[in-house]
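Below are the chains, spelled out letter by letter.
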Amino acid sequence: MSYSPALSANKPLVDFVVAGAQKGGTTALYDYLAEDPAICMARIKETHFFDDDARDWSAPDYEAYHALFAEPSDRLCGEATPIYIYWPCALERIARYNRAMRLIVLLRDPVARAWSHWRMEHFRGVEPLNFSEAIRGGRGRLFAGGRGAPWGYDREFSYVERGFYGDQVERLFAIFPREQTLILRSTALQDEPAETLERVRDFLGAPARPPAGPRQVHVGATEEGLDLDPGDAAFLRELYARDDERLKALTGFSFQS
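Bear in mind that the values here come from a model prediction, so they are computed numbers and not experimental data.

Draft legend 1. Quick peek at the pattern of salt bridges. All told, the structure shown has 13 salt bridges when counted by the stated rule. Put simply, Asp-53 and Arg-93 hold a salt bridge, and the shortest N to O gap is 3.0 Å. Here the residue Asp-53 occupies a position in the loop between strand S2 (39-41) and helix H2 (63-66), and Arg-93 occupies one in helix H3 (residues 90-97), the gap between them amounting to 40 residues. By relative accessible area, Asp-53 is classed as partly exposed at 29%.

What follows is the structure in structure tokens.
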């Protein structure tokens, strides 16, 4: 898509966003798309622009956002910030920026996603609680920290909350037409990378490319002897059951098995 450099600061420049979900394969998709000559991805994987509550959203200035991309050209421009599907007001801000925006969402089994998210924070030294505590009483920290702080508890400790996909997808469909959204299982990118990337390019209107080979998805820190407790998994399955029904009604996907 071509834009005059004089207009690009506050006119839509970005055509698509990989909007979720965290720990769902978005890094692998970003890497694949960044290698496509027909696509211009943001210079950094997560721009965290539309989830930045410190910005003046009554009169947003997109100059800093556009500075993360190469000069305007005929290439499709995109970025990948997985918190957008979860963060309040992010999708509304995206819609205000570009009503024609296309959104890609990769969904991973919410139990595996929560476990992977906790491991990341645990090995970063941020999470003092074990997983069992974090997904139960530890959820209260989200309300104590609140979403007002740019890097508050709701970003780091939202292991359970980010897995309520039905609620998030329902909100997504209320803001953007379904034809502007592509919902994928993260396992599709891992198991069938060529076919999945073909679907993504077709959705974006990008030209076909030679088949892609597999690359590692869901790479995370590991520690010997650290395994997901079956009781914790069962607790989360029950917690997600009703939301999973909503997700299935909206997309046909179900993670309850």
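Now that the structure has been shown, we can carry on.
Draft legend 2. Local environment of the sheet that holds strand S3 (residues 76-80). An order of S2-S3-S1-S4-S5 is seen for the five strands of this open sheet, with the pairing classed as parallel. One side of each edge strand has no neighbouring strand; the edge strands of this open sheet are S2 and strand S5 (181-185). With strand direction ignored, the average angle separating the axes of adjacent strands in the sheet is 25°. Sheet topology places S2 next to S3; three bridges connect them, and they run parallel. Its bridge partner lying in S3, Cys-40 is registered against Cys-77.

Draft legend 3. Fine view of the state of the cysteines. Scanning all chains against the criterion turns up zero disulfides. Cysteine Cys-40 remains unbridged, with the sulfur of Cys-77 as its closest cysteine sulfur at 4.3 Å.

Draft legend 4. Spatial organisation of the packing of aromatic side chains. Counted by the stated rule, this structure contains 17 aromatic pairs. Look at Phe-164 and Tyr-240: their rings are 5.0 Å apart centre to centre, the planes differ by 70°, and that puts the pair in the edge-to-face class. Of this pair, Phe-164 sits in the loop between helix H7 (153-156) and helix H8 (165-175) while Tyr-240 sits in helix H11 (residues 230-251), placing them 76 residues apart in sequence. Taken individually, Phe-164 and Tyr-240 each receive the classification buried, so the pair is uniform in this respect. One aromatic cluster is present, built from ring pairs that chain together Phe-49, Phe-50, Trp-57, Tyr-62, Tyr-65, Phe-69, Tyr-84 and Tyr-97. Against the face of Phe-157 rests Arg-141, its NZ or CZ located 3.8 Å from the ring centre. Directly above the ring of Trp-87 sits Arg-155, whose terminal nitrogen or CZ lies 4.2 Å from the centroid.

Draft legend 5. View of the nonpolar core. With 54 residues, the main nonpolar core has Phe-50, Tyr-84, Leu-107 and Leu-172 as its most contacted residues. Contributions of two or more residues to this core are made by strand S1 (16-20), H3, strand S4 (102-107), helix H4 (110-124), helix H5 (131-134), H8 and H11. When neighbours within four sequence positions are excluded, Leu-107 is seen to be in contact with Ala-21, Tyr-165, Val-169, Ile-183, Leu-184, Arg-185, Ser-186, Leu-247, Phe-253 and Phe-255. With 21 residues, the next largest nonpolar core counts Ala-28, Tyr-30, Tyr-32 and Ile-104 among its residues.

Draft legend 6. Representation of empty space enclosed by the protein within the structure. Applying the stated criterion across every chain, the model contains one cavity of 30 Å³ or more. Lining the largest cavity, in full, are Pro-110, Gly-163, Tyr-165, Arg-237, Tyr-240, Asp-243, Asp-244, Leu-247, Phe-255 and Gln-256. The greatest single-element share of the lining of the largest cavity, amounting to five residues, is contributed by H11. Class assignment of the residues belonging to the lining of the largest cavity gives a composition of five nonpolar, two polar and three charged.

Draft legend 7. Broad picture of the packing of H3 against H8. With their axes 10 Å apart at the nearest point, H3 and H8 run at an angle of 20° to one another. Relative to H8, H3 is oriented roughly parallel. Crossing of H3 over H8 shows right-handed handedness. Across the interface between the two elements, Ala-90, Leu-91, Glu-92 and Ala-95 from H3 touch Arg-171, Leu-172 and Ile-175 from H8. Here the contact of H3 with H8 is composed, by residue class, of five nonpolar, no polar and two charged.

Criteria and thresholds
Residues numbered from 1 in each chain as written. Predicted model: local features only at pLDDT ≥ 70, side-chain atom pairs only at ≥ 80, totals over all residues. Heavy atoms only, no water. Salt bridge = Lys/Arg side-chain N within 4 Å of Asp/Glu carboxyl O. Helix = DSSP H or I, 4+ residues; strand = E, 2+ residues; numbered from the N terminus. Buried < 20%, exposed > 50% of the residue type's maximum accessible area, 1.4 Å probe, protein only. Pairing = 2+ DSSP bridges. Axes fitted to C-alpha atoms, helices over the stretch in contact; angles between N-to-C directions. Disulfide = S-S within 2.5 Å. Phe/Tyr/Trp six-rings, centres within 6.5 Å; stacked < 30°, edge-to-face > 60°. Lys NZ or Arg CZ within 6 Å of the ring centre and 35° of its normal. Core = buried A, V, L, I, M, F, W, Y, C linked by side-chain atoms within 4.5 Å. Contact = heavy atoms within 4.5 Å. 1 Å grid on protein atoms, 1.4 Å probe; cavity = no way out; pocket = protein on both sides within 12 Å on 5 of 7 lines; lining within 4 Å. Points joined across faces, edges and corners; volume = space filled by probe spheres on them. Nonpolar A, V, L, I, M, F, W, Y, C, P; charged D, E, K, R; others polar. Parallel < 35°, antiparallel > 145°, perpendicular 65-115°, else oblique. Left-handed = near helix turned anticlockwise from the far one by under 90°.

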